[in-house]
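# Inside the fold
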Amino acid sequence: MKITKAEFITSAVAPDHYPVHELPEVALAGRSNVGKSSFINKICQRKALARTSSKPGKTQTLNFFNINDEIMFVDVPGYGYAKVSKTEREKWGVMMEQYLTTQQALRGVVLLVDIRHEPTGDDVTMYNFLKHYDIPVIVVATKLDKIKKSQRQKHESAVKRKLQFDPSDRFVAFSAETAEGKDEAWKAIYDLLTR
Ligand code: GDP
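What comes next concerns the included structure. Here the residue index of a chain counts from 1 through its sequence in written order. Selection of residues for local features in this predicted model requires a pLDDT of at least 70, selection of side-chain atom pairs for listing and counting requires 80 or more, and totals for whole chains, interfaces and linings are taken over all residues.

In this section: the overall build of the protein. Secondary structure follows DSSP: runs of H or I at least 4 residues long count as helices, runs of E at least 2 residues long count as strands, and numbering of each begins at the N terminus. Within the protein, the regular secondary structure consists of five helices and seven strands. The linear arrangement of helices and strands in the protein, starting from the amino end, is β-β-α-β-β-α-β-α-β-α-β-α. Our radius of gyration is a C-alpha quantity, and the globule rule it is checked against amounts to 2.2 Å times the number of residues to the power 0.38. Compactness check: the protein gives a C-alpha radius of gyration of 16 Å against a globular reference of 16 Å for 195 residues, within 12% of the reference. Seen through its principal axes, the protein has C-alpha atoms that stretch 50 × 40 × 30 Å. Counting over 195 residues, the protein shows a buried share of 37%. Working definition of a contact: two residues with C-beta atoms, positioned from the backbone, lying within 7 Å. A sequence separation of at least 24 residues applies to 76% of the contacts in the protein between residues at least 6 apart. Three exposure classes are used, all based on how many other C-beta atoms lie within 10 Å of a residue's own C-beta (placed from the backbone): buried at 20 or more, exposed at 12 or fewer, and partly exposed between those limits.

Structure below.
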């Protein structure tokens, strides 16, 4: 996958701010610090296309990126940051729900989880939400380089068990350090577009 263009288009919090375009959209979601920015930057071969999300005080927006004039990536702000206020959490929920349930161009969601740990309650809620609305999901398990090869299967099984992973979804183990899983992630993303 050669990336010739990876361009920030706009930020939006509500449907009337979503950019008007013809591209299929793929959203990326995960708890803050899971490695979502690192994933986006690595697969797009850019150093700082996506910036670390969900720092307190930072505006929580959906960020749209045109990739190769083929796909619009929609970076969803990370959830689960402990210091975020209840009001901000509620705003985040409304923004997410509006986007995921009304956006016609959405082809699927890349849900990032940390392969080292059991998915959090928020991760499970997000996965169930996507399943409930019948939105195709690719689970990307990040930070693969941080576990021993011999432990991979065990961790993958634990993640899948906790999510009650649907075998018709795709699962990709990924490392932003080594780029392992990058081609597989692109393949899974492209497959969303041709479903
Ligand atoms: P975000 O909040 O989900 O966007 O997370 P970031 O991409 O900013 O990553 C959070 C932290 O995890 C940073 O210190 C990254 O360098 C680190 N990180 C992200 N992905 C990986 C990975 O695959 N391997 C390792 N070893 N560290 C990672």
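This part is about the site of the ligand. Proximity of a residue to a molecule or strand is defined by its backbone-placed C-beta atom lying within 6 Å of that partner. In the vicinity of the ligand lie 19 residues, with Gly 35, Lys 36, Ser 37, Ser 38 and Ala 176 positioned nearest. By residue number, the principal contributor to the shell around the ligand is helix α1 (residues 36–43), which donates three residues. The class makeup of the residues in the shell around the ligand is two nonpolar, 12 polar and five charged. In this count, Pro and Cys sit with the nonpolar residues alongside Ala, Val, Leu, Ile, Met, Phe, Trp and Tyr, while Asp, Glu, Lys and Arg are called charged and the others, Gly among them, polar.

This paragraph deals with the sheet that holds strand β1 (residues 6–12). Here, a strand pair is defined by DSSP locating no fewer than two bridges between the strands. On the basis of which strands lie adjacent, the open sheet formed by seven strands has the order β1-β3-β4-β2-β5-β6-β7 and mixed pairing. Taken across any chain shown, the strands that pair with only one partner, and hence form the sheet edges, are β1 and β7 (170–173). Between one strand and the next, the sheet's axes are offset by a mean angle of 25°, whatever the strand orientation. Here six bridges tie strand β2 (residues 25–30) to strand β5 (residues 106–114), and the two strands are oriented parallel to one another. Paired with Gly 30 across the two strands is Leu 112, which belongs to β5. Where helix α5 (residues 182–193) meets the sheet, it contacts β2, β4 (71–75), β5, β6 (137–142) and β7, and its direction lies at approximately 160° from that of β7. Note on method: axes are straight lines fitted to C-alpha atoms, helices fitted across the in-contact stretch only, with angles between N-to-C directions ranging 0 to 180 degrees.

Attention shifts here to the environment of Leu 49. The topology assignment puts Leu 49 in the loop between α1 and β3 (62–67). With 21 C-beta atoms packed within 10 Å, Leu 49 lands in the buried category. Considered as a pair, Leu 49 and Ala 185 are 136 residues apart in the sequence and their alpha carbons are 18 Å apart. If sequence neighbours within four positions are ignored, Leu 49 has contacts with Ala 6, Phe 8, Ile 40, Asn 41, Cys 44 and Phe 65.

For β6, the buried fraction is high: six of the six residues fall into the buried class. Residues of β6 alternate between two faces, with Val 137, Val 139 and Ala 141 on one and Ile 138, Val 140 and Thr 142 on the opposite face, all of them buried. For crossovers, right-handed means that the path from the first strand over the helix to the second runs clockwise, given strands pointing away from the viewer. As for the winding sense of the linkage, the β-α-β connection from β5 through helix α3 (residues 121–132) to β6 is right-handed. Looking at chain direction, β6 and β7 are connected through four bridges and run parallel. Counterpart to Ile 138 in the pairing with β7 is Arg 170.

Before going further, it helps to examine α3. The periodicity of an α-helix, 3.6 residues per turn, causes residues three or four positions apart to be oriented the same way. Relative to the 16 Å expected for 12 residues at 1.5 Å per residue, α3 spans 16 Å between its end C-alpha atoms, a close match to the ideal helical length. In this structure, the buried side of α3 is in contact with β2, β5, β6 and α4 (152–163). Where α3 terminates, the next one or two residues include Asp 134, which has phi positive at roughly 60°. To estimate how far a helix should reach, multiply one less than its number of residues by 1.5 Å.

In terms of burial, β2 is a largely internal element, six of the six residues being buried. Side-chain alternation along β2 places Glu 25, Ala 27 and Ala 29 on one buried face and Val 26, Leu 28 and Gly 30 on a second face that is also buried.

Turning to its location among the elements, Lys 5 is positioned in the segment before β1. Along the primary structure Lys 5 and Cys 44 are separated by 39 residues, whereas in three dimensions their C-alpha atoms are 8.6 Å apart. Not counting chain neighbours up to four residues away, the residues in contact with Lys 5 comprise Asn 66, Ile 67, Asn 68 and Asp 69.

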